[in-house]
Amino acid sequence: SFSFSIENCLLESEEIRISSDITVGVEKMEAQIISYEAGQKRCLGYLAYSEGASAAVKRPAILLAHAWQGQDDFIRDKALMLAQMGYIAFAADLYG
């Protein structure tokens, strides 16, 4: 079985941050690959949000879980779609 807890996921000091600017509709999206640890596994999650997102404005966040074959373009596209709707979306890496 697999359990996921935000408390168990620590961002590494040497984060991998691959950032890209994506324009979807009229709003510009930001996307980053974030390296984190879940237990003993190093994982690469995909974070998507609108460029206008800031710590001063609270936004709802959605955690996405990929299908059995692992994180792919489908789940990353869903994260971008949710970001366009105003959410902060994080596609977790369930396998590491």
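For the structure itself, consult the block above.
Residues numbered from 1 in each chain as written. Predicted model: local features only at pLDDT ≥ 70, side-chain atom pairs only at ≥ 80, totals over all residues. Heavy atoms only, no water.

(A) Quick peek at the environment of Asp93. Position of Asp93 among the secondary structure elements: in the segment after strand E6 (88-92). It is 9.4 Å that separates the C-alpha atoms of Asp93 and Ala38, two residues lying 55 residues apart in sequence. Ignoring anything within four residues of it in the chain, the contact list for Asp93 reads Tyr36, Cys43, Leu44, Gly45, His66 and Gln71. Of note is the side chain of Asp93, whose polar atom sits 3.3 Å from the backbone nitrogen of Tyr95. (Helix = DSSP H or I, 4+ residues; strand = E, 2+ residues; numbered from the N terminus. Contact = heavy atoms within 4.5 Å. Polar contact = N/O pair within 3.5 Å; in protein donor to acceptor, adjacent residues only side chain to side chain.)

(B) Expanded view of the environment of Gly86. Structurally, Gly86 is set in the loop between helix H1 (73-84) and E6. On a C-alpha basis, the gap between Gly86 and Tyr49 in space is 7.5 Å, while along the polypeptide they are 37 residues apart. Other than its neighbours up to four places away in sequence, Gly86 contacts Arg59 and Pro60.

(C) View of the nonpolar core. Among the nonpolar cores identified, the biggest contains twelve residues, and these are Met29, Ala31, Tyr46, Ala48, Leu64, Ile75, Ala79, Leu80, Leu82, Ala83, Ala89 and Ala91. Sorting the residues of this core by element identifies strand E3 (27-38), strand E4 (41-50), H1 and E6 as the ones contributing at least two each. Per-element accounting of this core gives the leading share, five residues, to H1. Beyond its immediate sequence surroundings of up to four residues, Leu82 is in contact with Ile62, Leu64, Tyr87 and Ala89. In terms of nonpolar packing, the next biggest core, distinct from the first, is built from eight residues, Ile34, Tyr36, Cys43 and Tyr49 among them. (Core = buried A, V, L, I, M, F, W, Y, C linked by side-chain atoms within 4.5 Å. Buried < 20%, exposed > 50% of the residue type's maximum accessible area, 1.4 Å probe, protein only.)

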